[in-house]
Amino acid sequence: MIQINESPVELLIDVCNLCNFHCSFCPNGDEELLKSVNRQRGVMEYNLFKKIIDDVSKFKERVEVIHLYKDGEPFLNKDLGKMITYVKSKDITNSVRTTSNGSLINRDRAIELIESGLDMIRISVEHISDEKYKEVTGTDTKYETIKNNVSFLYEENKRRKKDLVIEAKILDTGLSEDELNKF
């Protein structure tokens, strides 16, 4: 058995570097840029993920935080809930976290997320109006969809008496005071 003496404080595992948004501020939404650096894109397979976690379990000390996110939308990976459950079962970290644009957190995925043992999720809200959402994300995603998804996640987490921390953030892209208050 390999014994590794030093453990990382935080570990980012990009379980999916694809995104269903094409945000104007994000390099991941710039197809030409990604082609120019020859970046491969895809969804991490569950067996590779397990190998990474098994390797991390060989560290001498626990990893403070494991982020299941870097550049893409983690909910595009159908195994996200299973991945979180696997990390939690190995007891190698103090916190498992992810970040999402919130668009794919439907009821089933929300429940899966809560029950997997995820410790924290950050939702990136891109705007509070449909027009600006389209301008920023390059999609027809509606603000109400994001709001409803996050509301369901919050209420279901509370109903199940779980400890999932849910944060929402928004970039200030010239938001008016009324728009900030609505957020």
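What you see is a predicted model; the values in this text were computed from it and never measured.

Caption draft 1: The packing of aromatic side chains, seen in detail. All told, the structure shown has two aromatic pairs when counted by the stated rule. Ring centres of Phe 21 and Tyr 133 lie 6.3 Å apart, and the angle between their planes is 80 degrees; on these two criteria the pair is classed as edge-to-face. Of this pair, Phe 21 sits in the loop between β1 (10–12) and α1 (31–36) while Tyr 133 sits in helix α5 (residues 130–137), and the two are 112 residues apart along the sequence. Residues Phe 21 and Tyr 133 agree in their burial class; the two are buried. Centroid distance Tyr 46 to Tyr 86: 6.3 Å. Interplanar angle 75 degrees. Geometry classified as edge-to-face. With Tyr 46 in helix α2 (residues 46–56) and Tyr 86 in helix α3 (residues 80–90), the pair connects residues that are 40 residues apart, well separated along the chain. Under the relative-accessibility criterion, Tyr 46 is labelled buried at 15%. For Tyr 86, a relative accessible area of 16% puts it in the buried group. Sitting over the ring of Tyr 46, Lys 82 keeps its end group 4.2 Å from the ring centre.

Here is what the cut-offs are and how they apply
Residues numbered from 1 in each chain as written. Predicted model: local features only at pLDDT ≥ 70, side-chain atom pairs only at ≥ 80, totals over all residues. Heavy atoms only, no water. Phe/Tyr/Trp six-rings, centres within 6.5 Å; stacked < 30°, edge-to-face > 60°. Helix = DSSP H or I, 4+ residues; strand = E, 2+ residues; numbered from the N terminus. Buried < 20%, exposed > 50% of the residue type's maximum accessible area, 1.4 Å probe, protein only. Lys NZ or Arg CZ within 6 Å of the ring centre and 35° of its normal.

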